[in-house]
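If you want the building blocks of each chain, they are given just below.
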Amino acid sequence: MNIMDIITDPNTRWILLGTMFLGLSSGVIGSFAYLRKQSLLGDTLAHAALPGICVAFMLTGVKSTSYFLIGAALAGLVAVFLISVLTRYSKIKQDAALGIVLSSFFGFGIVMLTQIQQSEYGNQSGLDTFLFGQTASMVMSDVYMMMTVSFILIFTCTVFFKEFKLLSFDPGFAKGMGLPVVFLDYFIMMLIVAAVVIGIQAVGVVLMASLLITPAVSARYWTERLHIMVILSGIFGMLSGVSGTLISTSVNDLPTGPLIVLSATVWFFFSMLFAPKRGVLSSIWRRVSTKKKYSLEKDRRKGSHSS
């Protein structure tokens, strides 16, 4: 299938639009998670969604995307609550709390998934696709929901940009200014939960964290200014969603979710190599130029002394 066939196909166009908005919103909210050194948070919330999906299926007995996403959202909220309790009321640091919640929730989800496979529920095909995503199974209502939540995420981050900026760089100063730091902290976590929930069907619980963090890391190479970083991160996420979907549609039997993540990784390596100030090639060029200037200056001084 060539590019024109992809563009003219209505179903593919809608899926392409959905993954584009998913990448855009994930890149935007992921920037704040990355700057707040909470890269593992997205991974934890994504993995925590699996038991929520399984519980939703066991309670309803039907394979409904709406029920699955509600279950994933509730499981994410429980995970956020447990992380907060562990970090605030114990001596456990946040990275350890994230690791504990991630492994326990995902392990519990795998056990429940296995139990469903062996139970009287019978046909459980569709649940395991949430592990790595299955964009082809998305219907129009899924795309509408993905676009709506993505727009809400982008709009919210725009409205609360100043507050999120202060919270990311200097939470102590933000607290001194009278900002509700605890509320904002929970609020950002809720936004990450929302991003994870709308992305698990396309990218999957295992890979969703990469779509949140990789575009942000890529954007960080190009700028020192937060608002530019957020914009670039959204662009990198959007390009990853578009390119991954186009490649998956063009080549048969290639999964869209992993290709979207691989596309984000390509943009990361491109940024790491070619960014003008922080890139590897620019750093090598500066070192070579500095050594060359030093050698020329050394030769000039030797020449002046000999004369």
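Parameters at a glance
Along each chain, numbering runs from 1 in the same order as the chain's sequence is written. Selection of residues for local features in this predicted model requires a pLDDT of at least 70, selection of side-chain atom pairs for listing and counting requires 80 or more, and totals for whole chains, interfaces and linings are taken over all residues. Just so you know, side-chain values use all the structure's heavy atoms and leave hydrogens and water out. Under the DSSP-based scheme used, a helix requires at least four consecutive residues in state H or I and a strand at least two consecutive residues in state E, with every element numbered from the N terminus. The classification of residues rests on relative accessible area computed with a 1.4 Å probe and restricted to protein chains. Under 20% of the type maximum is buried, over 50% is exposed, and intermediate values are partly exposed. A contact between two residues is defined here by any heavy atoms of the two lying within 4.5 Å. Neither His nor the chain ends contribute to the count of charged residues, in which Lys and Arg are positive and Asp and Glu negative. Charge positions are represented by NZ for Lys, CZ for Arg, CG for Asp and CD for Glu. Angles here are taken between N-to-C directions and fall from 0 to 180 degrees, while the axes themselves are lines fitted to C-alpha atoms, restricted in helices to the stretch in contact. Note that the term roughly parallel is reserved for angles under 35 degrees, roughly antiparallel for angles over 145, roughly perpendicular for angles of 65 to 115, and oblique for everything else. Left-handed is the label given to a crossing in which the near helix is rotated counterclockwise from the far helix by less than a right angle, and right-handed is the label when the rotation is clockwise. Side-chain classes are defined by residue name, with Ala, Val, Leu, Ile, Met, Phe, Trp, Tyr, Cys and Pro counting as nonpolar, Asp, Glu, Lys and Arg as charged, and the others, Gly among them, as polar. UniProt positions are given in the numbering used here, feature names are shortened, and annotations may be inferred rather than shown by experiment. Points on a 1 Å grid, built from protein atoms alone, make a cavity when a 1.4 Å probe fits but cannot get out and make a pocket when they are open with protein on both sides within 12 Å along at least 5 of 7 lines; residues with an atom within 4 Å of a point are the lining residues. Grid points are joined across faces, edges and corners, and a volume is the space filled by probe spheres set on the points.

**Student:** Got a minute to help me understand the overall build of the protein in this structure?
**Tutor:** Helix and strand counts for the protein come out as 14 helices and 0 strands. Secondary structure elements of the protein occur, N-terminal to C-terminal, as α-α-α-α-α-α-α-α-α-α-α-α-α-α. For the protein, the C-alpha atoms occupy an extent of roughly 95 × 55 × 35 Å along the three principal directions. With 307 residues in all, the protein has 43% of them scored as buried. The contacts of the protein with a sequence gap of at least 6 include a subset with a gap of at least 24, amounting to 73%. Averaged over its 23 positive side-chain charges, the protein has a centre that lies 19 Å from the centre of its 14 negative ones.

**Student:** Teacher, can you tell me more about the packing of helix α12 (residues 226–250) against helix α13 (residues 256–274) here?
**Tutor:** Helix-helix packing: each pair is described by the crossing angle between the helix axes and the interaxial distance. Taken N-terminus to C-terminus, the directions of α12 and α13 make an angle of 130°; their axes are 7 Å apart at the nearest point. Here α13 runs oblique to α12, going by the angle between their axes. In this structure, α12 crosses over α13, and the sense of that crossing is right-handed. Here Phe-236, Leu-239, Ser-240, Gly-241, Ser-243, Gly-244, Thr-245, Ile-247 and Ser-248 of α12 lie close against α13, whose contacting residues are Thr-256, Leu-259, Ile-260, Ser-263, Ala-264, Trp-267 and Ser-271. Residues belonging to the contact of α12 with α13 are distributed by class as follows: 7 nonpolar, 9 polar and no charged.

**Student:** Sorry, what's going on with the UniProt feature "transmembrane region" (unreviewed entry) in the protein here?
**Tutor:** Within this structure's numbering, the places UniProt gives as "transmembrane region" (unreviewed entry) are residues 12–34, 67–90, 96–114, 143–161, 181–214, 226–247 and 259–276. Between the C-alpha atoms that bound residues 96–114 there is a distance of 27 Å. The span itself is 100% helix and 0% strand. Counting secondary structure, residues 226–247 comes out at 100% helix and 0% strand; the distance between its end C-alpha atoms is 31 Å.

**Student:** Where do I start with the layout of surface pockets in this structure?
**Tutor:** Think of a ball as big as a water molecule: rolled over the atoms, this probe shows where empty space is left. Here the largest pocket is characterised by a volume of approximately 280 Å³. Contributing to the lining of the largest pocket are 20 residues, with Thr-135, Ala-136, Ser-248, Thr-249 and Thr-256 lying nearest its centre. Taken together, the elements giving at least two residues each to the lining of the largest pocket come down to α2 (10–35), α12 and α13. Of the residues contributing to the lining of the largest pocket, the split by class is 7 nonpolar, 11 polar and 2 charged.

**Student:** Explain the environment of Pro-215 here, please?
**Tutor:** With respect to the helices and strands, the residue Pro-215 is situated in helix α11 (residues 208–220). Given the relative accessible area of 1%, Pro-215 is considered buried. Along the backbone, Pro-215 and Ser-31 are 184 residues apart, and their C-alpha atoms lie at a distance of 8.0 Å. Once residues within four sequence positions are removed from consideration, Pro-215 is found in contact with Gly-27, Ser-210, Ser-233, Phe-236 and Gly-237.

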